[in-house]
Amino acid sequence: YFGGTEMPFAAVGGGSAMQSTSVTRIDEIIARTPIANGKVSTTVNGNDITVKAETQFFKAVDATGGTYKIAAYITEDGLSHTQSSDASSNKNMHDNVLRTTLGASATGDILTNQMDQWGVKTFNFFGTLNAAWKKEKMKVVVVLWKQGPDNKLTCVNSWTAALQ
């Protein structure tokens, strides 16, 4: 803001705060110990897709902390559709458009509720792509969710890979 006396608000981790509070919140997020990481690969044969997601846990987890779920989302870039109030420099072009979800649920399939430290869990997704979609502009986004005892979902980590 020009001529303003306060710093603009910033959104960090789902909340908003003044700049000094935001810096503190960012430092807290950076200091977190990661729970898990993974890798994802895709295979496309015609319109059939297979997604292989491998997740390695950096610390032991048990059922008292909740259930780990994994979801796979197919997105497409470069879709041209009219949008009202489009103030972007690339008018009516949209990237990362969700095309479909693979698996039993949009919030993920159960991966595990118990894992030893350094344990690896593999999950395969299967699906069929719409023939009209442009595979060369598509990617898969795999998200590892933690569903707590209160049933709330928290994103633990995510991975992206182009379709191959």
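This write-up is about the structure you can find in this document. (Residues numbered from 1 in each chain as written. Predicted model: local features only at pLDDT ≥ 70, side-chain atom pairs only at ≥ 80, totals over all residues. Heavy atoms only, no water.)

1. Things to note about the overall build of the protein chain
Here is step 1 of the chain: From N to C terminus, the protein chain includes one helix and twelve strands.
Here is step 2 of the chain: When its helices and strands are written in sequence order, the protein chain yields β-β-α-β-β-β-β-β-β-β-β-β-β.
Here is step 3 of the chain: Counting across all 164 residues of the protein chain, residues that qualify as buried make up 30%.
Here is step 4 of the chain: Across the protein chain, contacts joining residues at least 24 apart in sequence account for 62% of those joining residues at least 6 apart.
Here is step 5 of the chain: Total accessible area on the protein chain is roughly 10300 Å²; 50% of this is exposed by carbon and sulfur atoms. (Helix = DSSP H or I, 4+ residues; strand = E, 2+ residues; numbered from the N terminus. Buried < 20%, exposed > 50% of the residue type's maximum accessible area, 1.4 Å probe, protein only. Contact = heavy atoms within 4.5 Å. Areas by Shrake-Rupley, 256 points an atom, 1.4 Å probe, with all protein chains shown as cover.)

2. Notes on the sheet that holds strand β3 (residues 36-45)
Within a sheet, adjacent strands bond to each other through the backbone by hydrogen bonds, running parallel or antiparallel.
Here is step 1 of the chain: Read across the open sheet, the three strands follow the order β3-β4-β10; overall the sheet is antiparallel. Since the sheet does not close on itself, it has two edges, and those belong to β3 and β10 (120-128), each with one partner. Ignoring which end each strand starts from, the neighbouring axes of this sheet average 15° apart.
Here is step 2 of the chain: Inspection of the sheet shows β3 paired to strand β4 (residues 48-57) by ten bridges, in the antiparallel sense. Directly across from S41, in β4, lies its bridge partner K52. (Pairing = 2+ DSSP bridges. Axes fitted to C-alpha atoms, helices over the stretch in contact; angles between N-to-C directions.)

3. Considerations on the pattern of salt bridges
Here is step 1 of the chain: Counting across every chain of the model gives three salt bridges.
Here is step 2 of the chain: Residue K39 pairs with E54 through a salt bridge whose shortest N-O separation is 3.8 Å. Of the two residues, K39 is situated in strand β3 and E54 in strand β4; the sequence distance between them amounts to 15 residues.
Here is step 3 of the chain: On the accessibility criterion, K39 (53% relative accessible area) is exposed. (Salt bridge = Lys/Arg side-chain N within 4 Å of Asp/Glu carboxyl O.)

4. Some words on the nonpolar core
Here is step 1 of the chain: Counting residues in hydrophobic clusters, the biggest one holds 26 residues, and the most contacted among them are V51, F57, I70, I74, V140 and V142.
Here is step 2 of the chain: Residue assignment for this core shows that the elements contributing at least two residues are β3, β4, β5 (67-76), β10, β11 (138-147) and β12 (153-162).
Here is step 3 of the chain: Among all residues touching I70, those that are not within four sequence positions of it are A53, T55, G108, D109, L111, F123, F125, V142, V143 and W159.
Here is step 4 of the chain: Listed in part, the five residues of the second largest apolar core include Y73, V141, V143 and W145. (Core = buried A, V, L, I, M, F, W, Y, C linked by side-chain atoms within 4.5 Å.)

5. Remarks on the environment of D95
Here is step 1 of the chain: Its location among the elements puts D95 in the loop between β7 (93-94) and β8 (97-102).
Here is step 2 of the chain: Of the polar contacts made by the side chain of D95, one reaches the backbone nitrogen of G78; its length is 2.8 Å. (Polar contact = N/O pair within 3.5 Å; in protein donor to acceptor, adjacent residues only side chain to side chain.)

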